[in-house]
Amino acid sequence: MAKFVVAGKANCPYYAKAEHLADCLQAALPNFRVHKITQHPDKWEQWLHDVCETNGWEHRQSPIIWRELLDRGGKGQLLGGLNDFLEYAQQYYGITSMMLSKEMLDVAEENLQAHLEIVKEDEEIKSLIKPMQIWITSASSPICYQLIPLLANGEVFGMTTEISIHLLDTGQFKEVLCSIVMEAEDMAFPLLRSILEHTEIDEAFIEADVIIVLDDVLLNLEVQSLENYIREATLIMTYGPSIKPENIIAVATSWESAAKATLARKLNVSTAGVKDVIVWGNITGSNYIDLSHAKLYGYDGAIWGPANFQRPLLNVIYDREWIHSEFLSAQGSLRSRVGRCTGMLPAHAVTTVLQYWYHGSPPGEIVSVGVLSEGQFCVPEGIIFSMPVSFQNGSWEVIKELEIDGTTQEVLGRLAHELIQEKLVALKEIKEIHPYGEG
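Residues numbered from 1 in each chain as written. Predicted model: local features only at pLDDT ≥ 70, side-chain atom pairs only at ≥ 80, totals over all residues. Heavy atoms only, no water.

(A) Quick look at the sheet that holds strand E10 (residues 274-275). A sheet is described by the order of its strands in space; here 3 strands give the open sequence E10-E13-E14, paired in antiparallel fashion. Strands with a single pairing partner mark the edges of an open sheet, and in this sheet they are E10 and strand E14 (310-312). As defined by bridge partners, strand E13 (residues 295-297) adjoins E14 across 3 bridges and the pair is classed as antiparallel. Looking at the pairing, Tyr297 lines up with Gln310 of E14. (Pairing = 2+ DSSP bridges. Helix = DSSP H or I, 4+ residues; strand = E, 2+ residues; numbered from the N terminus.)

(B) Structural context of the pairing of strand E11 (residues 278-281). When E11 meets strand E12 (residues 287-290), the two strands line up antiparallel, connected through 4 bridges. If you follow Ile278 over to E12, its bridge partner there is Asp290. Counted between consecutive antiparallel strands, the loop separating E11 from E12 contains 5 residues.

(C) Structural detail: the nonpolar core. In this structure, Ile136, Leu151, Leu167 and Ile212 are the most contacted members of the largest nonpolar core, which totals 28 residues. Secondary-structure elements contributing two or more residues to this core are strand E5 (132-137), helix H5 (142-152), strand E6 (163-168), helix H6 (174-187), strand E7 (192-198), strand E8 (210-213) and helix H11 (344-359). Top element by residues in this core is H5. It accounts for 6 residues. The residues touching Ile136, leaving out its near neighbours within four places in the chain, are Cys144, Leu147, Leu151, Ile165, His166, Leu167, Leu168, Ile212 and Leu214. (Core = buried A, V, L, I, M, F, W, Y, C linked by side-chain atoms within 4.5 Å. Buried < 20%, exposed > 50% of the residue type's maximum accessible area, 1.4 Å probe, protein only. Contact = heavy atoms within 4.5 Å.)

(D) Region of the structure containing the packing of H5 against H11. The N-to-C vectors of H5 and H11 enclose an angle of 40°; their axes lie 8 Å apart at closest approach. Our classification of the angle between H5 and H11 gives oblique. Crossing of H5 against H11: the hand is right-handed. Where H5 approaches H11, its residues Ile143, Gln146, Leu147, Leu150 and Leu151 are matched on the opposing element by Met344, Pro346, Ala347, His348, Val350, Thr351 and Leu354. (Axes fitted to C-alpha atoms, helices over the stretch in contact; angles between N-to-C directions. Parallel < 35°, antiparallel > 145°, perpendicular 65-115°, else oblique. Left-handed = near helix turned anticlockwise from the far one by under 90°.)

(E) Representation of the sheet that holds E7 in the model. A sheet is described by the order of its strands in space; here 4 strands give the open sequence E7-E6-E5-E8, paired in parallel fashion. Because the sheet does not close on itself, it has two edges, and the strands there are E7 and E8. The average undirected angle you get between the axes of adjacent strands in this sheet is 15°. Sheet contacts for H5: E5, E6, E7 and E8; angle to E6, the most-contacted strand, approximately 170°.

(F) Just helix H9 (residues 320-327), in detail. Residues of H9 that are buried include every one of Trp322, Ile323 and Phe327, and no others. Summarising the axial view, the buried residues of H9 lie within an arc of 105°, below the 170-degree limit, and thus occupy one face. Summarising the geometry of H9, the exposed residues directed more than 90 degrees from the buried face are Glu321 and His324. (Arc of directions from axis to C-beta.)

(G) A look at the pairing of strand E3 (residues 64-67). Side-chain alternation along E3 places Ile64 and Trp66 on one buried face and Ile65 and Arg67 on a second face that is also buried. Pairing between E3 and strand E4 (residues 77-80): 3 bridges, direction antiparallel. Paired with Arg67 across the strands is Gln77, a residue of E4.

(H) Broad picture of the confidence of the model for the protein chain. Per-residue confidence for the protein chain gives a mean pLDDT of 85; residues scoring 70 or more make up 86%. Taken as a whole, residues 216-224 scores under 50 in pLDDT and shows 23 contacts with residues more than four places along the chain or in a different chain. Segment residues 434-439 is flagged for pLDDT under 50; beyond a separation of four residues in sequence, or across chains, it makes 11 contacts in the model. (pLDDT = per-residue confidence, 0-100.)

Below, the structure written as structure tokens:
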């Protein structure tokens, strides 16, 4: 039995003619078999080089044709290119290809489109086979314990996407990490392919698709020392320089959700009816909850409308003294509630933002996340600053057209100054502390 391999660039017209000739031979000769290989034009040169180097051949053009001799105990026998194949078929079988140049070009275009579709299908299949790699730092924290079930239930990345979770922390928490791993395995989540614990810094973020850096919502030095915060920052700076800035965000959704819940209780409405509350500034320190764009749905007032009817929130809250003295003050109920959260709220905040990132945020709604400033809203470049964004098609975009008043702009200037000073202090501390030490 004659077994031939015909390979070439997917968009090569000469490959198209060789393929046509091979089909004619296979149809006419019961003992003739052909295997076809197409490569993307950008990958053809490297692929051809590798094949020739492996087999000891000399060939530089598309297509390349050889005869398989594996059933006889030998390697393939190089036939050559299109002209060699035409001559061989005519001499041995009296068959040739009459394909014209126009047909060759048309088939070459069809071959390229078919190749691209096959590659896309293969990538989709591989994505189902290879689980998404998710790394969680400071994984001994209570937030992680709440986070794992939310990541593994399929609602964040999709009901067909398997995940592998990697828990990273210092050696002193190894026993805690092992306990979390065993409990997660016992829960037998269908989409959780594996969960592993890591205490060696050299293992950090290998093949990571998503990195979740956990800390306390507020800088509580009784729970986590400043040294540990500095170590976490150094970890990101050391092992994440290749990450694009637009792929790094800080989650402000805990503040946003807590603010909506506090306002909903005040107005006796569902929390889901409070929209577009904006968190500006530092998500772990001094920030500003902006209600100037907030909307209220489903409010039981004198004015009614359809389900999508909304009113400006500040037009409904008449107790402005409560807003400034209780809601927005440093000692107010909102800051106290966020400070007391034990893991459920920040875990939900992280998964909500990831879900938006992968599937898009609700149309028209504002989401607050900390991003690297590029000068939007007159915030200095180069600092992580919480701003209003929207998510779509796997990326986020700052809502630049949002109007802010002079008072808000003044507050943003003060918050930016505080963040710059905090950054300078942190950089000084980083120089004095070796990342992760020997623990």
